[in-house]
Amino acid sequence: MNIWIAIGVTVLGCYAVKLAGLLVPAGVLERPLVRRLAALLPVALLAALTAQQAFADGRALVLDARAAGLAAAAVALVLRAPFLVVIGAAVVVTAGVRALGG
């Protein structure tokens, strides 16, 4: 029963956030600061999620095969490789490090 309560609260919370976004006046959304924040916020959130997934294990900081894969992806991005090549490089390097490390 507790799970259904949590699901219901989550549904209502998501709906409230969506509704609040629709009720914001258009003039507020046209401000330069709001536009800039709206453009940068998804990038910052994605970077934080990537860092958390690559370097954290619970509450501990770890450097393992995921970090090597992320580094390979970063190198491929710097070299302006296509997206699938970036993903492929990360996968191959991560798998290789895991295979070598046990």
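Residues numbered from 1 in each chain as written. Predicted model: local features only at pLDDT ≥ 70, side-chain atom pairs only at ≥ 80, totals over all residues. Heavy atoms only, no water.

The chain has the name AzlD domain-containing protein in an unreviewed UniProt entry, where Streptomyces viridosporus T7A is given as its organism.

A. Seen up close, the pattern of salt bridges. This model, assessed by the stated rule, comprises two salt bridges. As a salt-bridge pair, Arg 35 and Glu 30 come within 2.9 Å of each other at their nearest N and O atoms. The exposure class of Arg 35 is partly exposed, given its relative accessible area of 48%. The exposure class of Glu 30 is exposed, given its relative accessible area of 51%. Ionic pairing is found between Asp 64 and Arg 66, a salt bridge with its closest N-O pair at 3.3 Å. (Salt bridge = Lys/Arg side-chain N within 4 Å of Asp/Glu carboxyl O. Buried < 20%, exposed > 50% of the residue type's maximum accessible area, 1.4 Å probe, protein only.)

B. Seen up close, the side chain of Thr 94. Mapped onto the fold, Thr 94 is located in helix 5 (residues 83-101). Exposure remark for Thr 94: the relative accessible area of 16% places this residue in the buried category. In this structure the side chain of Thr 94 is engaged in a polar contact, spanning 2.7 Å, whose partner is the backbone oxygen of Ala 90. Those residues in contact with Thr 94 that sit more than four places away from it in its chain are Ala 65, Arg 66 and Gly 69. (Helix = DSSP H or I, 4+ residues; strand = E, 2+ residues; numbered from the N terminus. Polar contact = N/O pair within 3.5 Å; in protein donor to acceptor, adjacent residues only side chain to side chain. Contact = heavy atoms within 4.5 Å.)

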